Amino acid sequence: MANKNKSNQPVLSIITVVFNGASLIETTINSILNQAYQDLEYIIIDGDSTDGTIAIIRKYASQLSYWISEPDQGIYDAMNKGLKAARGNYVLFINAGDQLNSTITLSSIFNSKLKNPDIIYGETNLIDARGEILGTRSQLTTRKLPEKLNKSHMLYGMVVSHQSFMVKRKITPFYDLQYKCSADIDWVIRCLRKGKSIHHAQTIIAKYLVGGYSIRNKKNCWKERFTIYKNHYGLGKTLAAHVHIIFRYLKFKLSGKRNY
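I will try to describe carefully the structure that is included in this document. Note that the structure is a prediction, hence the values are computed from the model and not measured. (Residues numbered from 1 in each chain as written. Predicted model: local features only at pLDDT ≥ 70, side-chain atom pairs only at ≥ 80, totals over all residues. Heavy atoms only, no water.)

**Notes on the packing of helix H6 (residues 183-194) against helix H8 (residues 218-233)**
As a reminder, the rule being used: Geometry is summarised by axes, namely lines fitted to C-alpha atoms with helices restricted to the contacting stretch, and by angles between N-to-C directions that run from 0 to 180 degrees. Working definition: helices are DSSP H or I runs of at least four residues, strands are E runs of at least two. Numbering for both runs from the N terminus. Note on terminology: angles under 35 degrees are roughly parallel, angles over 145 are roughly antiparallel, angles of 65 to 115 are roughly perpendicular, and the others are oblique. In this scheme, a crossing is called left-handed if the near helix is turned counterclockwise away from the far one by less than a right angle; it is called right-handed if the turn is clockwise. Whether two residues are in contact is decided by their heavy atoms, any of which lying within 4.5 Å being enough. Throughout this entry, Asp, Glu, Lys and Arg are counted as charged residues, while Ala, Val, Leu, Ile, Met, Phe, Trp, Tyr, Cys and Pro are counted as nonpolar. The remaining residues, Gly among them, count as polar.
At a closest axis distance of 9 Å, the pairing of H6 and H8 adopts a crossing angle of 20°. Classified by the angle between their axes, H6 and H8 sit roughly parallel to one another. Crossing geometry of H6 relative to H8 is assigned as right-handed. In contact with Ala183, Ile185, Asp186, Ile189, Arg190 and Arg193 of H6, H8 contributes Glu224, Arg225, Ile228, Tyr229, His232 and Tyr233. Considering only residue class, the contact of H6 with H8 consists of six nonpolar, one polar and five charged.

**Quick word on the state of the cysteines**
Selection rule: Cysteine sulfur pairs qualify as disulfides if the two atoms are within 2.5 Å. Throughout, exposure labels follow a simple rule: accessible area from a 1.4 Å probe, protein chains only, divided by the maximum for the residue type, with under 20% read as buried, over 50% as exposed, and the rest as partly exposed.
Evaluated as defined, the whole model comprises one disulfide. Bridging cysteine 181 to cysteine 221, the disulfide has an S-S length of 2.2 Å. Taken as a pair, cysteine 181 in the loop between strand E8 (165-168) and H6 and cysteine 221 in helix H8 lie far apart in primary sequence, 40 residues in all. Across this residue pair, the class does not change: cysteine 181 and cysteine 221 are buried.

**Some words on the packing of aromatic side chains**
Our working definition: Note on aromatic pairs: the rings of Phe, Tyr and Trp (six-membered ring only in Trp) are paired at centre separations within 6.5 Å, and the planes decide the class, stacked below 30 degrees, edge-to-face beyond 60, tilted for the rest. For a Lys NZ or an Arg CZ to count as sitting over a ring, it must be within 6 Å of the ring centre and within 35 degrees of the ring normal.
For the coordinates displayed, the defined rule picks out seven aromatic pairs. The interplanar angle of 10° and the centroid separation of 4.9 Å between the aromatic rings of tyrosine 175 and tryptophan 187 together place this pair among those described as stacked. Linking tyrosine 175 in the loop between E8 and H6 with tryptophan 187 in helix H6, this pair joins segments that are 12 residues apart in sequence. The exposure class assigned to tyrosine 175 is buried, which follows from its relative accessible area of 4%. A relative accessible area of 1% means that tryptophan 187 is categorised as buried. Three or more aromatic residues joined by ring pairs make a cluster, and in this case those are Tyr76, Phe93, Phe165, Tyr175 and Trp187. Lysine 84 extends its terminal NZ or CZ atom over the ring of phenylalanine 174, reaching a point 5.8 Å from the ring centre. Between the NZ or CZ atom of arginine 193 and the centre of the ring of tyrosine 233, over which it lies, the distance is 5.9 Å.

Spelled out as structure tokens, the structure:
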């Protein structure tokens, strides 16, 4: 898939980062290549996989705008490589295991009524390892998607999924590699600080496969997140927000629901 511009619509650069994801990558690739929206640039960054992932990528190489397989310093270094390669008007990360919600997801968003905002965001379906939809992120977590997202909402947790958050490439920062599992939170906050116009797509954009690195390494990730919030909002606001987050989590847990 070359950098297509079939119309006067914006070109979206979709970036997939993968390492040893042979069981996941093909479903992700097909969810992108089967989009009705054609003004796409598709980029895959592989971290020198050894499990058959590269063979699967090669199968679709003629339909990709760019792909590379080489060692990296982790997921955020790979994401930065993707950003450096991107040439579209907007960028979106759909990593191995994740998918766009349907074949018409992008065409429903990028229509004649869209005023080319700096940021476009929407809801996310959470899926399990079988690809079964568990529910939306707002339904299954303590973090509800705001109707009018801004940087202040992020103080109370990751209220929007990384996979359902598109940003104009010209304002997109690189990921801060000092963070090993929460750089996406820092990245979203910095994008929101730069964004002058933010558009709620009023649709489900992506399917997110639950059980990633941050879920498996909660303790270290919480430490990183606290540092990120403190750097962006100050210690006082961060402490107050975390009291609110703890009470919100306990209330959610008492309801008998599982918090993903």
